[in-house]
Every structure is written in structure tokens, then in C-alpha cells.
Amino acid sequence: MKKHILIYDDDPEILFLCTAILSKYNYEAQTFSRCDNIIADIEKHKPDLILMDLWIPDIGGEKTIAIVKEDKNIKTPILIFSANADIKNLTKKVNADGYIEKPFAINIFIETIQKYIG
Amino acid sequence: MKNSAPQVVSSHEYPFLQGGGEMGALIRAKDWSNTPLGEPGTWPQSLCTMVSVMLDNPFGMYIAWGKEYTQIYNDGYRPILGTTKHPYALGISTRETFKEIWHIIESMFDGVMNGKPVGFPDFMLPLNRNNFVEDCYFDFSYSPIRKENGEVGGVLVTVIETTNKKRAEADLKESKDQLQFAIEAAELGTWDYNPLTNKFIGNNRLKDWFGLQHDAEIELPLALAVMAEKDRSRVEQAIQRALKYESGGLYNIEYSIINALTRQERIVSAKGRAWFGEDKKAYRFNGTLEDITDQAIARKKIEESEHRFRFILEHSLDPILILKGENMVLEIANEPLLKLWSVDKNALGKPFLEILPEMKEQGFFDMLQDVYFNDKIIKGNETPVTFIRPDGTKEIIYFNFTYQPYREENGKITGVLVIASNVTWQVEAKKQVEESEERFRSLANDMAAFVFTGDAETNVDFVNRQWLEFVGLKTEEGLGKAWVTVTHPDDVEHMSGTYEDAVSNQKPYEIEIRQLNTNGEYCWVLWKGIPRITKDGRFAGMIGVGIDITYRKKIEQALYDQQAETEKLQRLYEAVTANTPDLIYILDLDCRFTYANPALLAMWGKSWDEAIGKNLLENGYEPWHAAMHEREICEIVLTKKSIRGTVSFPHAELGKRIYDYIFAPVLNSEGNVEAIAGTTRDITDITTAEEDLLKSEQQMRAMVETAPFPIGVYIGREMIIQFANQSILNAWGKGNDVIGKSFKQILPELDNQDVFKQLDDVYTTGVPYHTKNQKIDLVIDGETKCFYFNYSFTPLTDSTGKVYGVMNTAADVTDLNLAKLAIQKSEENLRSTILQAPVAMCFFKGENFIVDLSNEKMFELWGKTANDVMHKPIFEGLPEAKDQGFEAILQGVYTTGTTFSADGVPITLPRNGGIELVYVNFVYEPYREANGIISGILAVAIDVTTQLTARKKIEEREQKFRLLADSMPQHIWTADTNGNLNYYNQSVYDYSGLTPQQIDTDGWIQIVHPDDREENIKAWIHSVNAGTDFHFEHRFRRYDGEYRWQLSRAVPQRDEEGNIQMWVGTSTDIQEIKQMDQQKDDFISIASHEMKTPLTTAKGYLELLQMQLSEENQTILLYASKANQALERLNGLVTELLDASKIQNGQLNYNISTFDFNAMLDETIENIQHTTKIHTIQKTGTAFHPVTGDKNRLQQVLINLLSNAIKYSPNADKVFIKVEEQPGKIQVSVQDFGIGLSGQHLDKIFNRYYRVQEHAIYFQGLGIGLYLSSNIIQRHDGTMWADSEPGKGSTFYFTIPIYSEQ
């Protein structure tokens, strides 16, 4: 069974690109341009991994990650997926499981995902 | 105190503390450093001078210095402090020492400190100085001691204690009153005789006695005429004797006077004394008269009875003697006794054993003593006494004798009365009887005595011839009971009884009976019988001897009669002594009373039994009194001389009385004192009178002696010194030996000083001479010294008005004059001070303010010459100063005595030919004479025009600065060298909405945003301490509560020496700039983010494309690859831009770790080397130490530098990178051989966005690389710089600190 990845990003182009790449590498991806209902999304799709942009409506990635991390039932790894130059520190700050920096090289993108979900 | 290392000088080295006796020593020894005065070396000159003067002064002086009134005083003052205040008073405050009177003297002290001297004569202060409060009197003055600047520094107290004088005055008055009272009370007559006029005056009582008119002055002959004729010449002689100088002038005589009117005879005791002048002639003779009639009569009667008593004793018929005292001095012996002892009357008064030394071994002396001491009567019967006669032969005489105590009228045993009869013949007769009855019988008949024997019954069986012849009987008629017929009928029964008793008891008997002799006369016959015991022990009857004792009996009778007479006399005695007011008594040698007359008993309030036999103490004598008498009695025993004295003790009824007493020795026959006879007379009234007279004279004399001013009395034209008190001796520097010498003799140095002439004139004319402040040179200890005296020569006149001498009183005013000289000197000092003062000084004299003295500076100040102003009233000499208010100030100082001072007072004065406004600081100080009166004003002035003008200029400048500052929109502020802000321009108040007061109170920090405050204060303190420019951005709260960013800068203002004078700061509102910056950064941040999103997409698709193409078309793949590379660079640029904006916001984050710097270096070089084919990067040196920092950022710096080196050296093929370790740091330099930079650019290349414009067309990039690098290095506490030469290349350096492991 394919691994299931949720991608949150406000840019549809990024979402489309990522979906294309992930399917090429045999992952199943659901994409969201808003992060308002992430808990419901997670319950619905039961993902193996979440990629979260920071600049995303409505409350932004940082707070969303915090909400997810507060829910003790959710064990899904969640990675920051951002162009922010300070991404490493932000990852620590919001207690995210890792990060993928934009722009990315595909091999690094895939290697990073494989690192979390095999 | 920078320059003065404290100098240690011990007190004794100060010259002004020399001398001064005890107090001088104490002052020198005192540790003054703990007192408000401090070490003497620091004392003001005026205090030093005053202390020095004080120490040398014999009068009491005392200084209370300063506000604490710290005390220093001299030896003369010491007694005033009593036992409890001295020496603690030295160096402490008057308030403490005199706390019990401080409320009295405080205001005076304070007055003196304000320049008001004060003084009082005989001022009473209740001092506690000997553990009790006593009223003390003082002549004192408190005067101010002025310091060099004229201020009062302390109080000088000069004082003479007059307590004793006051007491003496009071006592003298009292004593005069008492004298008068005593004379009245004693009922004395007083008389005062003038030898020159031969007249005398007396009180009314005396005149009454003499029968003279009360108001009469009496001629001496008239008084003599009233005296009893028998006494007249004696009195006259006594008077003449007393009037002779050699006699000492004493007069003491008793005589009778017969009242001219009443013919009443009166016995008086006159006592007096003559007074002699220098010529040894009596000028006065006065005294008292006491009526002693009663005493004299009593005394005479006693003398008469005594005389009679002795007469009878000495004419008794039997050997009788009286031995007196324990040595048995032969006091009385009659003729028979002297004959018996073979001595003459010279034996009288000799002790018994001296007359008859042979008696000692025979035990008689012991017996006599037994009688004397033990009050016994001892009788001797036929006692053999061996006399050694003058020719050496021994003679034994047998006596019957009686030793009985001899009592005085008071009952005391003072000797032994001895009555003896020679019974030698009887004894011898008896002896013969005892030898042999047979021989007896034959012998008996030859005996001179009557002899009988009786049988064992009571019958007489033998009588001798003498008896028979005596009674005229024949042998036979005399036997049996024949004796009865010749015996006096009254004695028969006595005889029978005695004889029968003797026979029946076989014992001796003795009886005296009267028997009839042949002439028909009854004769006294002494019969003695003894039992006759035969050799076999049988009682044979009695044997008896009789002798005719008629003669002896007669003597006995005479003695009896005489004793009766004696007793009668004693009763008379008793009667006399009982009625005399004198106290009569006898003391034995143990000081026990053996007799006391009724007057004495009355005085004691005791009965005879209570008093007699008791000693002095037991009779209520006080111990001292008893001891005194015991001492006297011992003396009398030794000297055998009477002692007379006076003593005062309490009488049982009359209270304290004074008594005249005489103790006379009672000598025994051996001339030793066996008792003391005393008579005591109450002379209270007389004595009191005499004492008072003496006392008042002594007191007067003592007063004169101790008077604090010199007094001398010179007699005769020769001016013989009769009297000189201590004070005048001190003044002369002489001792007591001047008395009796002439004035010229002792003070020859006065010869040329007019004094002798003055004395002579006074003596001649009788006109007193007074002078003041006379300078007198006296030779003291061989050295001529100068003194000043106020003195008077007052003539002394006798009662006739003749001048006989001169009294000299004087006051030593030397000190006063020296003080005046000192004042004069201090005035000179003042003058010299004024003239040499570095500031303008002058002295205005008097109420017109005449310029008396002025220095050049003052002339300069006035703009005048000395000629213009000297010796003129100031406003006359300097009219330009008129009407500028100075008249009133001067007048005020002159009248109130209050110093006036003012600073920066404007005054117009002549300057440079015109009138100019000048500013002066000046002081007007009242100048006081020694008496405290203001005599002028001392003026000190400083022209402060220049300073004031300069100050004004500064003020003006300041004003201008403020005006300017306040008109500026920026915040401007200043701070002092300590960083305290002291000025804010108007803009600050406008912006903050705070008032100057609010900022002053709560500080400027309240304006600063709370988040910025800590950093702000830290930065400000750092700048102030380091003296470096202050540069800080912070938010200030505006009046409406909005915080706006400000850029504050402050730079220190330095003087010529580079010392910081103040800080001037500005705060510029950069809120708009900040906002724009923020907006720009936000924009960049968003832009970079937004750019990265399409970049990401583009890059992703390109990579997907590459993946697809890799297997098909190599050329298209290359194109895609290039596009991807371009996107990478674009991404790098966007990232840099973002970093730059983050630096600006302080948001750039660092990941700090310790890493191998050299390895990082090699890795980076390798990476960069891959990017170029043209350049070879050559590394030299190695970093051995690891570095702590952000490895990626430092790598970024190296990449930047190496990239730039390659980028800006397109025509070179080498880049050198050099690494070297320096102490504590690693230095890295990157050298290229490219285009280089000019100096003007070098300063700016580390600025953000700076790029060397002229090369813009050649080189790409936003130019933020060096800015970022520089920032990163700074964040690592390193430095970065560059060397460059245009066309030759550039070298960029940075250093990174190595932190040692420790």
C-alpha cells in the first residue's frame, strides 16, 4: 500500500509539482491550500507524513503544527516545507519532525521523505 | 591636604606653652588631638598668644575657646576649680565643668562671643567644686579673644576669688559686734589712755566705779587718787613699766579703788596693753578693768586660814610629822621630831629616805606607803628603830607610834601623819624582866618604871620601890588590892575588868589609868602586864610595868585639841570654797578628783559621791580636754611648777564657757608632787572680749597680708619698712627680710625714678600722692625689669596729727600695660597686614570713615592715588562712590558691630579717566578697641569685574546655546562628567509632555521604552566611563503614549587638556526611517519568499525535465541543467538578500559549536577551487586550534572572500590565502591581484549595499556580501579590514579569537 502524504501549501503550483514528484516515486499525496481543518484532515486521511508550508492561510503553519503536536493521538511526522532561510531553527522552535527547504532538489526531497516513512 | 604630610610636634616643643607651673605642665602633657582645639600647632595665633600670656600670669586666668568653650587655665585659676573640677576641666567644655551654673553664665559667654565683654565685682556663684555647693564670690571679667580675622575665637576670663574677703568682711563686722557685746556682758570697764596727753577715756561703767562724770576725759592723777593708797605707787609703777618699749607693753595688776562718792571699796583686775610707734614710744595704752572684789576677799580668807593651820601643826608638843606624797616628803615636823632625828629645818621638803636612809631596810618606808596608798592606820608598839647618828654611831630607840593618813579638806590622802613616842626605856625594862624574874625583882626596884607582879589570882604580890614612892605607900600597903585606893574612881572598874580578864585568859594587857601620886595629883599611868609562865609552863600570875604618862597624855590632848581646830579650819575652808564661784578641786596623780568644791559639782551637775574618785573622762570631760589636762599633770609632776591656761568647755547650765585655770603641784615632804590642786575661773566674758579684739586685728592684718594688691607701711623719714604684704614683696621681688630696712636700702634702683622724692614729700607735707600707670624699673633677681604701677602714698598720722609714716598701696598694672603694648603691636600687625595684603584692604577710622590706612590694591580698586584719599573721609576722597548705598552699609556696621559682606556688588568707580561699572566682593568688619568699642571698619575688597564679566559672557553664551537648542526640533540634552543629565531642550518637554520638574524628579529614563531601558543605561554608563561616543537607538514615549524610535548620540566636550567637561547629546526621531527600513525589510522578506516559490516550482520542473531528458537528448539536458544552475544562483541571491535584511533587524541566527577551523578552511578552498578553472587558490599556514562559532556562517565569509578575490581579479591566476595563529586569535588573509580599491572606497566596502560603482558594469551581485561577512566576523568578536591598491589587488583580513580550553 502506498504511503500517504498530506501537503499543505497555499501555492497550487507547488502542490501540483509535489503531487507529480511523489506519484512518480509511488507515494499517494493529498494537498490542501488551507490548514484550518488539519485535525479533521488527518482523521479522514490517516496520513503517514505531513508537509506544512509556513505562510499558509488561515492561521499559518507554525500554529497549525503546534495544534497537531498538542494532540497526543496524532503520531504522524510533520515536516516544515518552506522557503524561509531560518527553517532549521523554526523546525526546532515548533517541535516539527524535520524540514524540506524550498527550493529543493528532487533527490533531496525524496531522500528526506524516505527517511521518515521508508 | 594634598601636600601636607602631618607633622608630629609634641606639645612641649611649642614655645608658647613654656613655663606656667603645674598647669603649664598639664597643658603640655595633654593630648589635644582629641579636643575640639586639636594639636597646639594648629591653634590660632591669638589663642597661642593668650595661652602664653596666661601661663606667665600669677592671677587667675581662664580661656574658653571656640563654640565648645574648650577650657585652658593657669595655676592662678586652679583653686577656683576646687578639688572636684581640676584637672578634669582642662580641654573640655565650660558647659560640662560648670554645668551647675551654666544657666547663669551661658548668656554672658554668648555675649562675649558676640564681642560684648562683661565683668562684675563680688559676683556670687553657687559652685559645686568640693562635693558640696557653696556660695562663692568673684571679681571677674569675661572678655573676647579675637582671632587674626577679627572674629571672636573665645572667652578670656580673668578672675580673683573674693569669697574669703567677703567672709572676712562679714566676720569682722560680727567680731566687732561680739566684742561690744562681750564687754557689756562681762561687766568690764574699758579704758584707753593716751600717754602723750596723760589723759584717758573709759566707758561709763569704769567711770561709775571711779565715781567720775560720764562724759569726762580723765586725767591720770585723778584716777590714781581714787585708788587705795597702799596700791597707788604699785599701779603707777606698773603703768610706767608697761609704757616702756622693752616691757612688751603688757599690763596686768590688781588693786583697790575707793569710789570718790560712795566710798565703796572695790578690788579690780586691770589688764591692758601699750602700743608703740616706730620711735618705740607708746602712743596708746588701753585695756579692761574687772571687778574682782568678791574673789579677792575669798582668796585672802583662804590664805589666812591656811596660815593658821600650819602654825598650829608646827607647834604641837610630841614628835609629829607630816610626810607628803608617795616619796614621803617631810612637809611638817615639829621641834621634838627634828631633835629625835638629829636634823634641822633644812630637812623640810626632803623625802623621808633622804633624811633617814637607814629607815628603808627597817621597813618603815613600806609601812608609810601602805598607809598612804591603802588608807590604813598602822600603830607600832615598842618598835625598835635604829638611827645612824651624824657621828656614825648607831642608836636604837623604841617607839610606840601611829601612822595615819593625812587628808586634805577634800578628804584626799596627800600624806601620812606620824605621831610617835619614845618607849625605849620601857622596852628595855621589859627585856630585863623577861631575862630573869629574880634579877627582875632586884632590878625592878632600880627601874625608872613602876613594876609589880601578881599571883595567879588577881592579887598583887610585888610592887617596886618607884611605885611605892610614887603613891607614897609602904611595901605592905601596896600589895593585894591596894592599887584600888590610889586609882581614880572612874578608872577602877576599867582596871579591875582589864586585869581580871588578862589573868583569867593569861594574856598581856595594857591600860592607862589615873592614879594618885604622893602629891595628891592624879597622874596618868600606863600599865602593861604580861602573864608570867614558869619554866615548867605553869601560869604564875602577871607581871606588870607602869609608867607615868601624864606628860604624854597632855601632848595627846594638845594634839587632839589641835586636830579639832584643824577640822574646824577645814570646815571653814569648806565654807569658803563652797561659796566661791571659782572651781576648786584636787586631782591625784591618776587624774582622779579627790576634791571638788560645790561650784565645780554644780557645773558638772553632779553630787559629791558621783564625782569624787572619778577621773576626768568619767566626769564628762571631752577626750581632748581630758588628754590635755593629763598631759599638763604629767608636766607638773616633772617640773613641779604650776601651769596656767585657758580652756573652753560646756557648763551644765551656762553652756559653752571659757575658763582660766591654774594647776598647782601639791608637793609632799620629799618635794615630789603628790597631787594637783586646781582652781578654775570662768573668764568667758573676758576672754571672748580679748579674743575678739585679737581676732579682729588679726583679720585686718590677714586681709592686708593677703590683699591681692601690694600694701606697704614705711615709718619715719627714713621710710623704714614696718609692714609689707606678700603682694608688695612679690612686686619688689623681695622676701620678708626687708622688714626693718629702709625703703632706699631695699630698692636703690628707684633713686632716679622720683619715688624717694614722692615719699619724702608725702612725709613732709602730709599730702597723699597718687599716680597711675607709672613705669617703674625694679631689679628682680639682679635683672632690671619694667613694671607699671598705679600707686598711692598716703601719710599715716598719729593722734596728734603728726605724720609718722607712709602707707603705700599699689596695683601692678604691668600686665595691663603689656596687654596695651600687645594691642599696639597687634595694631601694628594689622597695619602691616593691610599694607601687604594681596587683596585690597583698608581701614576706615571713626564715624566719618576716614581712610586711616590702605594698601596699593585698594587705591587701584578705588581708581585713586594715596594723596586723593588718605586721611580723608572716604566719601570725600572718593566722591564717585557716593549714593550707591555704601554709606548706609558702613554706618550699619559701625553702629551694630555686625560684619557685612557681599559678593559681586556693582559700583561705578573712576577708571581710565572715566567712570566704569565694576563689580566687587567686599567685607566690612567692625574694628574694636581692647575695651570692645568700635573705632573703625576694616574693609577688604576684591575687584571681580573680570571674573563676573567672564561669567556673564559664559551665561550669555549658555543662554544663546539654550535659545538655539530650544529652537531645534531634535532633542538636545547635556550631561555632566558623571553622566547626570542636566539640561534638556524645549523639544524634549514638548515631545514627552513632561514638565522640567517631572524629568528632574523621575529622570529621563522614564521616557525610554521599558524594554530598552536596561541596554540604554548600560550603554550610557559605558560611554561615560570610557569617554567614548554614545550611540544608541531606543524608543521614547511621546506625550500621547506612543513610543517612537530615536537615535541618540552624545559626544564628550573636552577642554584643552583633553579632560571631559560635559556631554552634549542629541536624540533624533528615526521612527519614520525605522518604519521605512522595516517596510523595506518586510518587503525583501516577502519578496524573497515569494520569489522562492516560483523558483521552487521552476527548479522542480527543471529537475523533472532533466530526469526525463537524461535518457533521450543530451543537448536539451545541458540546457535544462544550465537553467537549473541559474535558478540555483538566483536562489542564492534571494537568500543573501533575506539574510541582509535579517542582520538589520538583529534576527540572524547563529548555531555555535567548536569545530576544526583548519579542516573547514581546506574544505571551503576545495569547493571554491572547483568553481574556477583559471585561478589557483594557494594556502599557506595552518590553524592548529579549533574555533568556537557558527561554522556555516564562517564558511560563508570565506566563500565570500574567495569568490570576491576570483571575481575581482579576472586577469590574474592566483589567489593566496594565508592562515596564521597570533596570540589569542587566528588571522586569515585573502589576497588577490586584481583591480584593487582606492582608499575612499576602502572605508565603505563593508557597508550594506555598497558596491564600487565604477566597476558596476563589470561585476554582478548586490554588494551585500562584504557587509554580511563583516557582520558575521563582528558577531564572532573578530575584526575585518582590507588593504588595497588600485590596479595591484586587494588583501582582506579577518581575525577570529581562539578561546583557550580553560
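Scroll up for the structure.
The notes below deal with the structure included here. Position numbers for residues count from 1 along each chain, tracking the sequence in the order it is written. To label them, take the chains in the order written and letter them from A, then take the ligands in the order written and number them from 1. Residue-level local features of this predicted model are given only where pLDDT is at least 70; pairs of side-chain atoms are given and counted only at 80 or more, and the full residue set underlies all totals for whole chains, interfaces and linings. Water and hydrogen atoms were dropped before computing side-chain values, which therefore reflect all heavy atoms in the structure.

For the rest of this paragraph, the subject is the overall build of chain A. A tally of regular secondary structure across chain A gives 5 helices and 5 strands. Secondary structure elements are taken from DSSP: a helix is a run of H or I of four residues or more, a strand is a run of E of two residues or more, and numbering for both begins at the N terminus. Reading chain A from its N terminus to its C terminus gives the helix and strand order β-α-β-α-β-α-β-α-β-α. Looking at chain A as a whole, 53% of its 118 residues are labelled buried. When contacts within chain A are restricted to residue pairs at least 6 apart in sequence, long-range pairs at least 24 apart make up 61% of them. Note on areas: these come from Shrake-Rupley sampling with a 1.4 Å probe, and a residue is covered only by the protein chains present in the view. When the accessible surface of chain A is summed, it comes to about 5800 Å², and 48% of that surface belongs to carbon and sulfur atoms. Only protein chains enter the accessibility calculation, which uses a 1.4 Å probe; a residue whose area is less than 20% of its type maximum is buried, one above 50% is exposed, and one in between is partly exposed. Residue contacts are counted whenever heavy atoms from the two residues lie within 4.5 Å of one another.

Here we take up the interface of chain B and chain A. Often, the extent of an interface is quoted as the loss of accessible area on bringing the components together. Chain B puts 24 residues into the contact, and the matching count from chain A is 22 residues. Summed over both sides, the interface of chain B with chain A buries roughly 2000 Å², with 63% coming from carbon and sulfur. Using a 1.4 Å probe, buried area is obtained as the accessible area two parts lose upon being combined, added over both of them. Counting the surface chain B buries against chain A, the share from its top three residues, His-1089, Thr-1096 and Tyr-1101 of chain B, is 27%. Here, a salt bridge means any Lys or Arg side-chain nitrogen found within 4 Å of an Asp or Glu carboxyl oxygen. Our count for the contact surface shared by chain B and chain A stands at 0 salt bridges. Of all elements in the fold, only helix 35 (1071–1109) and helix 36 (1114–1145) of chain B reach the threshold of two or more residues within the side of chain B that touches chain A. Taken together, the residues of the side of chain B that touches chain A sort by class into 6 nonpolar, 12 polar and 6 charged. Amino acid classes used here: Ala, Val, Leu, Ile, Met, Phe, Trp, Tyr, Cys and Pro are nonpolar; Asp, Glu, Lys and Arg are charged; the rest, including Gly, are polar.

Okay, the packing of helix 2 (residues 38–45) of chain A against helix 3 (residues 61–70) of chain A next. Residue and element names in this part refer to chain A. Note on geometry: axes are lines fitted to C-alpha atoms, helical ones only across the stretch in contact, with angles between N-to-C directions running from 0 to 180 degrees. Their axes nearest at 10 Å, the elements helix 2 and helix 3 cross at an angle of 55°. In this view, helix 2 runs oblique relative to helix 3, as classed from their interaxial angle. Together, Ile-38, Ile-39 and Ile-42 of helix 2 and Thr-64, Ile-67 and Val-68 of helix 3 make up the contact between the two elements. Class assignment of the residues belonging to the contact of helix 2 with helix 3 gives a composition of 5 nonpolar, 1 polar and no charged. Angle categories: roughly parallel below 35 degrees, roughly antiparallel above 145, roughly perpendicular from 65 to 115, and oblique for all the rest.

Right, let's talk about the packing of aromatic side chains for a bit. By convention, a stacked pair of Phe, Tyr or Trp rings (six-membered ring in the case of Trp) has centres within 6.5 Å and planes under 30 degrees apart, an edge-to-face pair has planes over 60 apart, and any other such pair is tilted. Taken as a whole and judged by the stated rule, the model has 59 aromatic pairs over all chains. Relative to Phe-365 of chain B, the ring of Phe-352 of chain B lies with its centre 6.4 Å away and its plane at 10°, an arrangement referred to as stacked. Here Phe-352 of chain B is found in helix 11 (residues 352–355), whereas its partner Phe-365 of chain B is found in helix 12 (residues 364–374), with 13 residues between them in sequence. Judged by relative accessible area, which is 4%, Phe-352 of chain B ranks as buried. Pairing Phe-1216 of chain B with Phe-1233 of chain B gives two aromatic rings, centres 5.5 Å apart and planes at 90°, and the pair type is edge-to-face. A residue pair is termed long-range when its members are at least 10 positions apart, and Phe-1216 of chain B in strand 45 (residues 1214–1222) and Phe-1233 of chain B in the loop between strand 46 (1225–1231) and helix 39 (1239–1242) qualify at 17 residues. Assessed through its relative accessible area of 37%, Phe-1233 of chain B is described here as partly exposed. Among the aromatic residues, those joined into a cluster by ring pairs are Phe-844, Phe-859, Trp-862, Phe-886, Phe-900, Phe-922 and Tyr-924 of chain B. Over the ring of Phe-81 of chain A we find Lys-102 of chain A; its NZ or CZ atom is 4.8 Å from the centre of that ring. The rule for a charge over a ring is simple: NZ of Lys or CZ of Arg within 6 Å of the ring centre, and within 35 degrees of the ring normal. The residue whose ring lies beneath Arg-273 of chain B is Trp-275 of chain B, and the NZ or CZ to ring-centre distance is 4.4 Å.

This part covers the environment of Arg-831 of chain B. All names here are of chain B. Looking at the element boundaries, Arg-831 is found in helix 26 (residues 814–836). C-alpha separation for the pair Arg-831 and Phe-843, spaced 12 residues apart in sequence, amounts to 8.6 Å. Excluding its chain neighbours within four sequence positions, the residues that come into contact with Arg-831 are Asp-852 and Leu-853.

The subject of this paragraph is the environment of Thr-197 of chain B. Following the sequence through the fold, Thr-197 of chain B ends up in the loop between strand 6 (189–194) and strand 7 (199–202). For the pair Thr-197 of chain B and Glu-219 of chain B, spaced 22 residues apart in sequence, the C-alpha separation works out to 8.6 Å.

It is worth spelling out helix 34 (residues 1010–1026) of chain B at this point. Residues and elements named next belong to chain B. With 17 residues, helix 34 should reach 24 Å at 1.5 Å per residue; the first-to-last C-alpha distance of 25 Å fits that figure. Here the buried face of helix 34 lies against strand 37 (971–975), strand 38 (981–984), strand 39 (1030–1037), strand 40 (1043–1054) and strand 41 (1060–1069). Of the residues trailing helix 34, Gly-1027 is marked for its positive phi of about 75°. The span you would expect from a helix comes to 1.5 Å times its residue count less one.

Let us look at the packing of helix 1 (residues 12–24) of chain A against helix 5 (residues 106–117) of chain A. Residue and element names in this part refer to chain A. Relative to each other, helix 1 and helix 5 sit at 70°, their axes nearing to 11 Å. By the angle between their directions, the pair helix 1 and helix 5 is classed as roughly perpendicular. Considering how the two elements wind past one another, helix 1 and helix 5 form a crossing that is right-handed. Within the contact between the two elements, helix 1 uses Cys-18, Ile-21 and Leu-22 and helix 5 uses Ile-106, Phe-109, Ile-110 and Ile-113. Helix crossings get a hand from a simple test, with the near helix turned counterclockwise from the far one by less than a right angle marking a left-handed crossing and a clockwise turn marking a right-handed one.

In a beta sheet, neighbouring strands are held together by backbone hydrogen bonds and run either parallel or antiparallel to one another. Residue and element names in this part refer to chain B. If you walk across this open sheet you meet the 5 strands as 2-1-5-4-3, and the pairing is antiparallel. A strand with exactly one partner marks an edge of an open sheet, and here the two such strands are strand 2 (70–73) and strand 3 (118–128). If you compare each strand with its neighbour and ignore which way they point, the axes differ by 30° on average. At least two DSSP bridges between two strands are needed for those strands to be called paired. In the sheet, strand 1 (residues 60–65) pairs with strand 5 (residues 152–161) via 6 bridges, with the strands oriented antiparallel. Within the sheet, the bridge partner assigned to Ala-64 lies in strand 5 and is Val-155. Packing of helix 4 (residues 102–113) onto the sheet brings it into contact with strand 1, strand 3, strand 4 (133–146) and strand 5, and relative to strand 5 it is tilted by some 130°.

Let us now look at the pairing of strand 27 (residues 711–715) of chain B. All names here are of chain B. Here strand 27 lies mainly inside the structure; 5 of its 5 residues are buried. Burial along strand 27 is two-sided: Ile-711, Val-713 and Ile-715 facing one way and Gly-712 and Tyr-714 facing the other are all buried. Pairing of strand 27 with strand 31 (residues 803–812), which is carried by 5 bridges, proceeds in the antiparallel orientation. Its bridge partner lying in strand 31, Tyr-714 is registered against Val-806. Sheet topology places strand 27 next to strand 28 (residues 720–724); 4 bridges connect them, and they run antiparallel. The residue bridging Gly-712 from the neighbouring strand is Ala-724, located in strand 28. Here strand 27 hands over to strand 28 after 4 residues, with Gly-716 in that stretch at a positive phi of 75°.

Here we take up the pairing of strand 47 (residues 1280–1285) of chain B. Looking at chain direction, strand 47 of chain B and strand 48 (residues 1289–1297) of chain B are connected through 6 bridges and run antiparallel. Opposite Asp-1283 of chain B, over in strand 48 of chain B, you have Thr-1291 of chain B as the bridge partner.

Turning to the side chain of Arg-1044 of chain B, a few remarks are in order. Residues and elements named next belong to chain B. Assignment of secondary structure puts Arg-1044 in strand 40. By the criterion applied in these results, polar contacts are pairs of N or O atoms within 3.5 Å in which, for protein atoms, one can donate a hydrogen and the other can accept it, and in which residues neighboring in sequence qualify only through two side-chain atoms. Here Glu-1042 takes part through its side chain, which lies 3.4 Å from a polar atom of the side chain of Arg-1044. Contacts of Arg-1044, omitting those with residues within four sequence positions, involve Tyr-991, His-1034, Arg-1035, Phe-1036, Arg-1038, Asp-1069, Gln-1071 and Glu-1072.

Attention shifts here to the sheet that holds strand 32 (residues 840–845) of chain B. All names here are of chain B. Ordered in space as 33-32-36-35-34, the 5 strands form an open sheet in which the pairing is antiparallel. Edge strands, defined here as strands with exactly one partner in the open sheet, are strand 33 (850–854) and strand 34 (900–911). Mean inter-strand twist for the sheet, computed between neighbouring axes without regard to direction, equals 35°. One ladder, built from 4 bridges, connects strand 32 with strand 33; its direction is antiparallel. Bridged to Cys-842 within strand 33 is Ser-854.

The next thing to look at is a nonpolar patch on the surface. Taken together, the side chains of Ile-1116, Leu-1118 and Tyr-1119 of chain B define a hydrophobic patch exposed on the protein surface, amounting to about 320 Å² of accessible area. Considering the arrangement of structural elements, one finds Tyr-1119 of chain B in helix 36. In this analysis, a patch consists of residues with relative accessible area above 30% that form no salt bridge, clustered at 9 Å for like charges and at 5 Å for the nonpolar side chains Val, Leu, Ile, Met, Phe, Trp and Tyr.

With that settled, consider the side chain of Thr-487 of chain B. Residue and element names in this part refer to chain B. Within the secondary structure layout, Thr-487 lies in the loop between helix 16 (483–486) and helix 17 (489–505). Polar side-chain contacts of Thr-487 include one of 2.6 Å to the backbone oxygen of Trp-483. There is a polar contact of 3.0 Å between the side chain of Thr-487 and the side chain of Gln-515. Other than its neighbours up to four places away in sequence, Thr-487 contacts Val-492, Ile-513, Arg-514, Gln-515 and Tyr-522.

Glancing now at the nonpolar core. Residues and elements named next belong to chain B. Buried residues of nine kinds, namely Ala, Val, Leu, Ile, Met, Phe, Trp, Tyr and Cys, make up a nonpolar core once their side-chain atoms join them within 4.5 Å. Residues Trp-43, Val-51, Ile-72, Phe-109, Tyr-142 and Val-155 are the most contacted members of the largest nonpolar core, which totals 47 residues. For this core, the secondary structure elements donating two or more residues are helix 1 (21–29), helix 2 (45–55), strand 1, strand 2, helix 4, strand 3, strand 4 and strand 5. Here the element with the most residues in this core is helix 4; it accounts for 6 residues. Ignoring sequence-local partners within four residues, the contact set of Val-51 consists of Phe-16, Leu-17, Trp-43, Ile-63 and Ile-72.

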